[in-house]
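Single-letter residue listing:
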Amino acid sequence: MEYNQTEVMFEQNRLEKTMSIAKKQLDQARQKNEVNKEAILTAKKELRENTSHSIANLWSSDAFEALAELNQYANPVTEKIADYEEVENKIAVLQNIIKSPYYARIDFRFDGEDSFEPIYIGRSSLVKNNTYEMDVYDWRSPIASVFYRFVTGQAYYDAPSGRITGEVNLKRQYEINNSTLEYFFDADVQIVDEFLRKLLSQNTSTKMKTIVETIQKEQDIVIRDMENDLMMVQGVAGSGKTSIALHRAAYLMYQGLSSKLSANNIIIISPNTLFEQYISNVLPELGEENVVSVVFEDMVKKILKKESIESRNQFLENLIINPSYRNMMKSSIEYKTSFQFIDILDQFIADIPERWIQFVDVYVNDECIVKKELLKEKITGRKDTLLSLRLKQLEEYIFEQINESKKTTISKSEKAMIKQDIQKFTEINVLELYKKLFTDAEYLSSLAKDNKLPHNIKEIMEYTNDNLKSNYLHYDDAIVLAYLSIKIYGTNEYKHIKQVVIDEAQDYYPLQYEIFHLIFTNSKYTILGDMNQTLEKKEDITLYEQIQKILAKKKSSLVVMDKSFRCTNEILNYSLKFINQSPDIKSFNRKGEEPKVYVAPNQLSLKEMIINKIQSCQEFGYRSIGLICKSEKNAKALYEALKDSISLELIKNESTADLEGVFIIPVYMSKGLEFDAVLLCDADATNYHSQDDKNLLYIACTRALHSLDLFCEGEVSPLL
């Protein structure tokens, strides 16, 4: 689209004015921090000179006065450092504004007014000097939603004061890099699609990037939702659901200025540490602090205070490489994390005081102070109180009775010995209790009541007992033990969390959602998943009904995103043959090369084919090339075969890496990631033949942006 010189000059002048405002504010901020720096040095000097006497007196009888004096001088230092850091953050924002102050403009006429007002939209807001007038609006501001949700014509947005209506007569987008206006265009649907297509055709970056310039209407609705306590997104591979979750976190923090929601009130449950690193740049790019990101098994380690726990990646690796145990591993985790087993666990916990605590009479100097029947009676009531708390109160009650019964107080050593005896029944070993649950099939059946036990319950019990003999906790048992521990002991670890983001929702089982419900008691949720990207179980749309039932939030919503923006048409269409499409998956309609299958007669030939393809991808300018294998075992073997011939990196469990270059990665670790080119390197009949393998192929193939090739030695997989 051609523009006349007047229009071009107007936009150039507008950019220069904006940059002038930002530069002036940057200079002022830098000057302010020079003053702050001097003030901090002065305050620290005063702290040293005036508090040496107070520090010396901290361990004397004048400790309280010394501490008060110390605080008097320390507080100004702390305040000045906080001021300095706040201005430093502002400096960083202004530096980014100068590089690229805005990316969009709408001309909006408010109802009741005569003229259209140009509204410029950027990643951060910029206020004109010495006024409250906005020069650039933050993309999260209410009026910016008009840009994402409407074409020219009648429009509205929701502000704190209510719905604002009006009309849009111009939508314009800009490409501004390093303070230079490269181009701009007036956006209708067709042109916006072309702009997005151009962006998607670029090579991927080492870390996930922001998408503020290309947020789609349905994505914006999810990002800005403030009505629902539980927002669920079923998004196909490449629909941008993870990006949406991170932009939603940034939006919630922006809104949090009034609702007191900050970065430390938000937590992201990530699939693995590699993914955590991959998404780590998005929030800082949006001008926000990074939020806490954790992997589920790390939460379990904290709850159980135990390090030797099998990770989900290790569980999946064992599932893949041990076909003789595969069915048993799947049966075990499916049953132990099911709704039926949750009922059994709750019944088991209620049964602990009745059946599993061996109360004894408490004696002091051959005198019975408290009978065991009374102790049991005191514990079996008040079932709404945590069992651990009831037992702690029982300890206190026993010592009260001892003190009342003795004319002289007991010595410290006597008290310690008595406490040791009491704690034999007031301290609960959750692991030992759990072992008891799997030693008596008749007892397990009595807890199940009307729920039928699985047909292979004896095999599950034997499998569990064998696993529990080692000091290493298997993934399924760790989940159950975490639940038991929380129900018995409770946890305050995450009480400050107000918003929980759960990615790869389809990977979690009902019991894990029960754990989330218990530890994030007052939180709202954003949950994102894809029922087609399961690895060891089947899911459908009812997954989200189950989540809704467990989390029991008053207001919830499910948004289905069925358009994939990542892959070319050809790659997406090839990938879709591995799944049952429900709902139908749509492509953004970006063209590319058809995926190819290469069959090698032997290992040497396979190695040569893969190396030739890697070199071809590099010559084509691809920055990120993913060599995907079914398992870590296969990935290690391929790495050993290729490492002396080409520069590459092996991604294993717990690996972290910037995804630039050539990588070998197990398919289960590639979820959520994307590569310019994907080479699936072990696509033979031995590796891929089952329904589970179909899902693995779908996940692997949909990691590719521009190029997909599949390689095998010998017989090609019948699934291809």
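Structure's up top.
Quick caveat, the model's predicted, so the values are computed rather than measured.

Each value, and the rule that gives it
- Residues numbered from 1 in each chain as written.
- Predicted model: local features only at pLDDT ≥ 70, side-chain atom pairs only at ≥ 80, totals over all residues.
- Heavy atoms only, no water.
- Core = buried A, V, L, I, M, F, W, Y, C linked by side-chain atoms within 4.5 Å.
- Buried < 20%, exposed > 50% of the residue type's maximum accessible area, 1.4 Å probe, protein only.
- Helix = DSSP H or I, 4+ residues; strand = E, 2+ residues; numbered from the N terminus.
- Axes fitted to C-alpha atoms, helices over the stretch in contact; angles between N-to-C directions.
- Parallel < 35°, antiparallel > 145°, perpendicular 65-115°, else oblique.
- Left-handed = near helix turned anticlockwise from the far one by under 90°.
- Contact = heavy atoms within 4.5 Å.
- Nonpolar A, V, L, I, M, F, W, Y, C, P; charged D, E, K, R; others polar.
- 1 Å grid on protein atoms, 1.4 Å probe; cavity = no way out; pocket = protein on both sides within 12 Å on 5 of 7 lines; lining within 4 Å.
- Points joined across faces, edges and corners; volume = space filled by probe spheres on them.
- Domains from an automatic or database assignment.
- Pairing = 2+ DSSP bridges.

Participant: How do you make sense of the nonpolar core when you look at a structure like this?
Facilitator: Soluble globular proteins tend to pack their nonpolar side chains together in the buried interior. The biggest cluster of nonpolar side chains holds 175 residues, and the ones touching the most others in it are Trp-139, Leu-437, Phe-516, Phe-520 and Ile-527. Of all the elements, helix H19 (residues 475-489) adds the most residues to this core, at ten residues. Listed in part, the 22 residues of the second largest apolar core include Ala-600, Ile-625, Leu-638 and Leu-650.

Participant: I'm lost on the packing of helix H13 (residues 372-380) against helix H14 (residues 387-405) in this one. Help?
Facilitator: For any two helices packed against each other, one specifies the inter-axial angle together with the distance between the axes. It is at 9 Å that the axes of H13 and H14 come closest, and there the two elements cross at 140 degrees. Judged by the angle between their axes, H13 and H14 are oblique. Here the hand of the crossing between H13 and H14 comes out right-handed. Where H13 abuts H14, its residues Leu-374, Leu-375, Lys-378, Ile-379 and Thr-380 lie against Leu-387, Arg-390, Leu-391, Leu-394, Tyr-397 and Ile-398. Of the residues in the contact of H13 with H14, the class split is eight nonpolar, one polar and two charged.

Participant: For this particular structure, what's the right way to read the layout of surface pockets?
Facilitator: One way to see where empty space is left: roll a probe the size of a water molecule over the atoms. Reported here for the second largest pocket is a volume of approximately 530 Å³. Forming the walls of the second largest pocket are 20 residues, and the residues nearest its centre are Arg-149, Asp-158, Arg-224, Met-226 and Tyr-251. For the lining of the second largest pocket, the secondary structure elements donating two or more residues are helix H3 (145-149), strand S5 (153-159), helix H5 (217-223) and helix H6 (241-259). Here the lining of the second largest pocket gets four residues from one element, more than from any other, and that element is S5. Taken together, the residues of the lining of the second largest pocket sort by class into ten nonpolar, three polar and seven charged. Two domains each put at least three residues into the lining of the second largest pocket: domain 2 (104-222) and domain 3 (223-307 + 491-564).

Participant: What is the right way to look at the pairing of strand S19 (residues 624-629) in this model?
Facilitator: Each regular strand displays side chains that alternate between the two surfaces of the sheet. Here S19 lies mainly inside the structure; six of its six residues are buried. Of the two faces of S19, both are covered, the one formed by Ser-624, Gly-626 and Ile-628 as well as the one formed by Ile-625, Leu-627 and Cys-629. With six bridges connecting them, S19 and strand S21 (residues 661-666) associate as parallel partners. If you follow Ile-628 over to S21, its bridge partner there is Ile-665. Relative to strand S22 (residues 675-680), S19 is paired through four bridges, and the arrangement is parallel. Pairing of Ile-625 across the sheet is with Ala-677, part of S22.

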